[in-house]
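# Analysis of the macromolecular model
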Amino acid sequence: MTMPLDVVTTFAVKHVSRQLVTVNSPSTLLAAWQQACEWDQPALILGGGSNVLFVDDFAGTVIINRIMGVRWSESAEYWQVHAGAGEIWHQLLENALALGRPGLENLALIPGCVGAAPIQNIGAYGVELQQFCDYVDCLELSSGHALRLNASECQFGYRESIFKHAVPQRYAIVAVGLKLAKHWRPVLSYGELGRLDAQMVTPRQVFDMVCRQRRARLPDPARWGNAGSFFKNPLVSPQQAVALLAQYPQMPCYPQQEGQVKLAAGWLIDQCQLKGYRLGAAAVHEQQALVIVNSGNASSDQIVSLARLIRQRVADKFAVWLEPEVRFIGAQGEVDAVAMIS
Ligand code: NAP
């Protein structure tokens with residue numbers, strides 16, 4: 001028997017896995033992992049399935065992490081929360097706000113579970129998870145030992161962490177610890193948030209504006225399968241940015257502390273006139289060119305081909321090569337997404 005994967009991923013592409021197991025504790029997670037190892041099959045742990053594209057049927061066990069539980073504590077300066085990896089990110093954020101513990105509002109409506117947040121170092125509207133992350137609790141899959149990584153050990157970067165590269169097959173994230181400063185400072189540096197008055201604004205107003213903006217621009221996965229931003233915003237050298245600006249003076253660009261310049265991938269794609277472009281049932285979203293949507297029964301081949309076409313068009317026009325932010329999963333596990341669309 002095979003298990004459908006479209007119901008556990010927001011892209012809703014019709015691939016299957018051999019087994020699908022939902023776990024609600026570290027011990028059941030470990031048991032599911034060990035079982036797959038005994039069968040000599042691959043295993044893959046998913047939370048909300050909102051940042052993955054299965055490009056093939058999965059030849060093993062997909063483990064859905066539903067380890068729940070939220071515990072609050074406080075110190076003089078911080079609200080601290082310990083949240084199970086299976087908690088819904090947006091719900092945690094809403095509950096924090098309802099309890100009068102703000103800080104996370106710029107990260108509202110990011111789909112997915114708490115356990116996925118550090119993997120990708122989720123970020124939006126000028127805020128990243130790493131600013132709040134105290135620790136990440138993991139389970140070492142080979143030994144079953146518990147392990148706590150503090151924030152610096154997580155090696156956070158732009159949509160990056162140690163969990164993406166060095167250790168994905170070794171550790172499962174079971175809980176995340178966050179620290180919210182009691183002295184709240186709004187972050188209003190992005191887009192329309194800049195219209196809010198930093199002295200008067202409330203966390204609820206920031207939250208509402210972020211939700212409004214996201215709902216206006218991003219497709220609801222319940223209606224249109226998608227995995228959010230398909231590509232990362234590229235980083236280019238200052239020289240390349242200057243050369244591009246000479247040709248495209250309107251081009252948004254954001255100098256980074258490390259010296260490189262961040263470009264807006266959505267803008268680059270839009271300039272290639274690709275908004276709304278379709279390949280079968282895979283389409284570039286009309287409102288936000290950075291998102292690829294499954295407008296019906298898109299196959300993973302159609303989505304991958306569309307991503308390849310987008311990447312090539314952007315490179316032809318700007319000499320910038322986009323890289324997927326979405327992670328591609330093949331029959332045996334993660335595959336090189338850049339190689340697949342090259
Ligand atoms: P936008 O306002 O159209 O801006 C396009 C890009 O320019 C953004 O991706 C953002 O980069 C960058 N940008 C805009 N203002 C900036 C500033 N003041 N300083 C530095 N960089 C700036 O973006 P959007 O598509 O509506 O998204 C708004 C926010 O939600 C962004 O932070 C975006 O990353 C986040 N988001 C993430 C996903 C996802 O799946 N990962 C999906 C949707 C939205 P950054 O992306 O580096 O912030």
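Structure first, text after, so check above.
In short, a report on the structure. (Residues numbered from 1 in each chain as written. Predicted model: local features only at pLDDT ≥ 70, side-chain atom pairs only at ≥ 80, totals over all residues. Heavy atoms only, no water.)

To continue, consider the site of the ligand. Near the ligand, the surroundings consist of 18 residues, among which Arg159, Tyr190, Lys262, Gln288 and Glu325 are the closest. The separation between an oxygen atom of the ligand and a polar main-chain atom of Tyr125 is 2.9 Å. For the ligand, whose accessible area on its own is 790 Å², the fraction buried by protein is 80%. When residues of the shell around the ligand are traced back to their parent elements, those giving at least two are strand 8 (123–124), helix 5 (203–217) and strand 13 (225–229). (Near = heavy atom within 4 Å. Polar contact = N/O pair within 3.5 Å; in protein donor to acceptor, adjacent residues only side chain to side chain. Areas by Shrake-Rupley, 256 points an atom, 1.4 Å probe, with all protein chains shown as cover. Helix = DSSP H or I, 4+ residues; strand = E, 2+ residues; numbered from the N terminus.)

Here four strands make up an open sheet; going across it, the order is 1-2-5-3 and the pairing mixed. At either end of the open sheet lies a strand with only one pairing partner, and these are strand 1 (3–4) and strand 3 (43–46). With six bridges connecting them, strand 2 (residues 16–23) and strand 5 (residues 58–65) associate as parallel partners. The residue of strand 5 that forms the bridge with Val23 is Asn65. Taken strand by strand, helix 1 (residues 26–38) contacts strand 2, strand 3 and strand 5, and its axis lies near 175 degrees from that of strand 5. (Pairing = 2+ DSSP bridges. Contact = heavy atoms within 4.5 Å. Axes fitted to C-alpha atoms, helices over the stretch in contact; angles between N-to-C directions.)

Here we take up the sheet that holds strand 21 (residues 334–335). Strands sit in the order 4-20-21 across an open sheet of three strands; the sheet is mixed. The open sheet has two edge strands with one neighbour each: strand 4 (52–54) and strand 21.

The subject of this paragraph is the packing of helix 2 (residues 89–98) against helix 5. Put simply, helix 2 and helix 5 touch, their axes get as near as 11 Å, and they point 155 degrees apart. Classed by the angle they form, the pair helix 2 and helix 5 counts as roughly antiparallel. Judged by the sense of rotation from one axis to the other, the crossing of helix 2 with helix 5 is left-handed. On helix 5, the residues that touch His90, Leu93, Glu94 and Leu97 of helix 2 are Pro203, Arg204, Phe207 and Cys211. (Parallel < 35°, antiparallel > 145°, perpendicular 65-115°, else oblique. Left-handed = near helix turned anticlockwise from the far one by under 90°.)

On to the pattern of salt bridges. Within the structure shown, the criterion is met by eight salt bridges. For the salt bridge of Glu192 with Arg195, the shortest nitrogen-to-oxygen distance reads 3.7 Å. Note that Asp270 and Lys275 form a salt bridge whose closest N and O atoms lie 3.3 Å from each other. On the accessibility criterion, Asp270 (25% relative accessible area) is partly exposed. Its relative accessible area of 33% is what places Lys275 among the partly exposed residues. (Salt bridge = Lys/Arg side-chain N within 4 Å of Asp/Glu carboxyl O. Buried < 20%, exposed > 50% of the residue type's maximum accessible area, 1.4 Å probe, protein only.)

What follows deals with unusual backbone geometry. The residue Asp40 is not glycine, and still its phi comes out positive at about 60 degrees. If you trace the backbone, Asp40 turns up in the loop between helix 1 and strand 3. Judged by relative accessible area, which is 72%, Asp40 ranks as exposed. One non-glycine residue, Arg159, lies in positive phi territory at about 55 degrees. Note on placement: Arg159 falls in the loop between strand 11 (146–150) and helix 4 (162–165).

Where burial is concerned, most of strand 7 (residues 78–84) is hidden: five out of the seven residues are buried. Pairing of strand 7 with strand 12 (residues 171–181) involves seven bridges; the strand directions are antiparallel. Residue pairing across strands places Trp79 opposite Leu180, the latter belonging to strand 12.

Right, let's get into the side chain of Gln213. Mapping Gln213 onto the fold places it in helix 5. Classification of Gln213 as buried rests on a relative accessible area of 16%. Apart from the residues lying within four places of it in its own chain, the contact partners of Gln213 are Tyr125, Glu192 and Leu193.

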